[in-house]
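# Structural features, examined
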Amino acid sequence: MKTCMLTSDTRLFASIQRYFHFVAGEDVVHLPVPSLSRGLDPLPAFGCIAEAIERLLAEVDCPVAVLVDPCVPSHQRDHPIQLIQSMSAMAPISYNEPAGALVSMLILAFPEILWVFWSDSPTKGFWPGERRFDRLRAWQTIALSSERDGAAGLQTLRETLALGPVSLFDPTGLRAYLLSKKPEAPGRRPFAAALDEEEPYAYFHGYLSYKLGYLAYVVTTEEMATRLFASKGSGNDFEFTFQDIYLAFPDHVSSEPQSDLKKRFGDAQWPGLYNVRRHFFVTVGHRHSAAHRANVAFMNDLKAQGRARRIFKPSAGIFDVLKETGLLKEYWRYLKNRIRKTKPGTEKSVGHSAPGRLLVVAERLISRAERILDRAQTVQECIRGATLALDALALLRYQTPTTALEAIALRHQLEVKAECMFYGVAYNIDVKARLREIDMETRAVARWFHRSVRKPSLLNAQMSVVTDIARIFRHFGQFDEEQACLRRLRDLNRQWYFLQHPWWNFFRPVRWYVEKLVGSFKLFAVMIIVWPVLFGVLSKLLQAVYTDSVTQGWRLWSHVVHAYMSFFGLQPVEFPVNPAAKALMLVLVLVGFLHLGIFIAHLYTLITRR
């Protein structure tokens, strides 16, 4: 993990640099803090520091931690130093505490960085006294009330950094705390953890937890798992965990395997796991383990208590995992509740757009997510980009429509790219649920448009997002998923066309019918059976006369057979004599020709399938 220091005090930085170089042989990167402009506006300083951090992140290929000096210089003579005395001064839209606003904006703009606060006051005084801040006190604060405390604090910092903590999913609740200072911002729920030695799975399940509104730990080492669950009461704050049954952490030094669940939950290892409310055990399903029978019995005991489910690798994407774990309904409730709270005109919906500083942070997150989308080569990179877009949308709260739609589009593209790049997430990805989510979120944004442009803007937004994810499915050869997106696009295009050309509404049922058949070969096969039968029955009921029907005395079966031959041959076998027969044959041939075109479209689709 690369360590940086955010400070304007060059002597203080030099001291920290010497300590790290002497003790650990590491170099600390200096992030200088420019003076706050006159009027104590933090935005110029934010832009300068953010650019420096982005350059640093582009150069290093490892997690980054930033040690924050609470003293921020300013141009005001009467207040040359703006001091962050406690976390109560931290809020991104605070106009009374510019130093706290500056650091808050940086924390929200770079969620993947571990921010550690340097405090002259005792650690407990820096944070509010509630128990929920215990993790922030333990993980992200160094007290320097004395020289002895300073040395101990730096040593604790080095030990914490050695764990390689992943702050992307806000495990300590720092970003949730900063947003809670904005009354209408949505809060986050208790903790979740993803235990897996494979980083793609750990990040994937951590992101699912974060998407559901939980503060999520990513645990890829035995030391981190011990830090979290070594004591019996340590799991009380956790709502659920994702756990690989056959764990093999790289820092495990014992010859004893880690796949025995009973021992894993026991007092000798991680007893805190037993206090977690729910567990989702991830496995490929093999039985080649001495602990297999004991694991099945242990999981069955937890299942009987409603506390465990087993899911198998490979899964079929984000929504498939949510469905298998029983979390999908919970997610829909969470999303609906979040959308309801941002409805225009409600008490919690303040103003016509997101506050200016939060908009600046959201735009920074979106620009970073765009760059990640272009160059991402791993699941972890895609998940990081999706998290940035998710955080941007949380800041905007759907209130700044154009920027919010950009965040929605980016997040779905990055999620889909992660699903396609992840070899553990294979074919038959659940596109139906994703299209439903896109519909819900774009409708939430469209509420902020004027009524006269609301419907066209909604359709345009949905078409753009669905087109983007269809391109990604096509790039990765996910044929069925691409076709599902194309069916949705045809439906949206039809709505758009008749919205712009209302005088053609009489043609809407025909276009709807054609698009449904083009999108489903099964429905097409059913209809080419149904149509000739229908015309055969009508021919009999209307007493249609053909050249051979009088002499032969046609019954119902003869009319149906004649309809089939005319439907597929595109011309009547026997020439119609009376007006009823002529009208029926004319319509039947036209319908048959229409279905021939649909059949050719299906053939073309199959031929071009990758």
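Thresholds, definitions, all that
- Residues numbered from 1 in each chain as written.
- Predicted model: local features only at pLDDT ≥ 70, side-chain atom pairs only at ≥ 80, totals over all residues.
- Heavy atoms only, no water.
- Helix = DSSP H or I, 4+ residues; strand = E, 2+ residues; numbered from the N terminus.
- Contact = heavy atoms within 4.5 Å.
- Salt bridge = Lys/Arg side-chain N within 4 Å of Asp/Glu carboxyl O.
- Buried < 20%, exposed > 50% of the residue type's maximum accessible area, 1.4 Å probe, protein only.
- Axes fitted to C-alpha atoms, helices over the stretch in contact; angles between N-to-C directions.
- Parallel < 35°, antiparallel > 145°, perpendicular 65-115°, else oblique.
- Left-handed = near helix turned anticlockwise from the far one by under 90°.
- Nonpolar A, V, L, I, M, F, W, Y, C, P; charged D, E, K, R; others polar.
- Pairing = 2+ DSSP bridges.
- Expected span 1.5 Å × (residues − 1).
- Phe/Tyr/Trp six-rings, centres within 6.5 Å; stacked < 30°, edge-to-face > 60°.

### Structural notes on the overall build of the protein chain
The helix and strand inventory of the protein chain stands at 24 helices and 12 strands. The contacts of the protein chain with a sequence gap of at least 6 include a subset with a gap of at least 24, amounting to 72%.

### Considering the pattern of salt bridges
Following the criterion strictly, the structure yields 30 salt bridges and no others. Note that Glu 198 and Lys 313 form a salt bridge whose closest N and O atoms lie 3.2 Å from each other. Placement of the pair is Glu 198 in the loop between strand S8 (189-195) and helix H8 (199-211) and Lys 313 in the loop between strand S12 (308-312) and helix H12 (318-324), with a sequence separation of 115 residues. For Glu 198, a relative accessible area of 35% translates into the label partly exposed. Residue class for Lys 313 comes out buried when judged on its relative accessible area of 12%. One salt bridge connects Lys 313 with Asp 244, and the closest N-O pair in it is separated by 3.3 Å.

### Re the packing of helix H16 (residues 401-421) against helix H17 (residues 431-446)
Close contact between H16 and H17 brings their axes to 10 Å; oriented N to C, the two are set at 170°. Considering the angle they form, H16 stands roughly antiparallel to H17. In terms of crossing hand, the pair formed by H16 and H17 is right-handed. On H17, the residues touching Pro 401, Ala 404, Leu 405, Ile 408, Arg 411, His 412, Glu 415, Val 416 and Glu 419 of H16 are Arg 434, Glu 437, Ile 438, Glu 441, Thr 442 and Val 445. Counted by class, the contact of H16 with H17 contains 7 nonpolar, 2 polar and 6 charged residues.

### Looking at the pairing of strand S10 (residues 238-244)
With 7 of 7 residues buried, S10 lies mostly within the body of the structure. Alignment of S10 against strand S11 (residues 278-283), held across 5 bridges, turns out to be parallel. Across the sheet, residue Asp 244 finds its bridge partner in S11, namely Val 282.

### Details of the environment of Leu 174
Take Leu 174: it is sitting in helix H7 (residues 174-180). The class of Leu 174 is buried, set by a relative accessible area of 3%.

### Comments concerning helix H13 (residues 328-341)
Under the 1.5 Å per step criterion, the end-to-end length of H13 is 20 Å for 14 residues, consistent within 8% with the ideal 20 Å. When H13 is considered as a whole, its buried residues turn out to be Leu 328, Glu 330, Tyr 331, Trp 332, Tyr 334, Leu 335, Arg 338 and Ile 339.

### So, unusual backbone geometry
With a phi close to 55°, Asp 170 is a non-glycine residue in the positive phi region. Within the element layout of this structure, Asp 170 appears in the loop between helix H6 (147-162) and H7. Classification of Asp 170 by relative accessible area gives buried; the value is 3%. Positive phi outside glycine occurs at Arg 397, with the angle close to 55°. Structurally, the position occupied by Arg 397 is in the loop between helix H15 (379-396) and H16. The class for Arg 397 is buried, based on a relative accessible area of 4%.

### Points about the packing of aromatic side chains
In this structure the tally under the stated criterion is 26 aromatic pairs. Aromatic side chains Phe 229 and Phe 238 sit 5.0 Å apart centroid to centroid with 50° between the ring planes, which places their arrangement in the tilted category. Each member of the pair Phe 229 and Phe 238 is classed as buried. Taken together, a centroid distance of 6.2 Å and an interplanar angle of 90° make the contact between Tyr 513 and Trp 531 edge-to-face. With Tyr 513 in helix H20 (residues 508-519) and Trp 531 in helix H21 (residues 521-541), this residue pair connects regions lying 18 residues apart in the sequence. Residue Tyr 513 is classed as buried on the basis of its relative accessible area, which comes to 15%. Here a set of aromatic residues connected by ring pairs shows up, and it is made of Phe 169, Tyr 203, Tyr 207 and Tyr 210.

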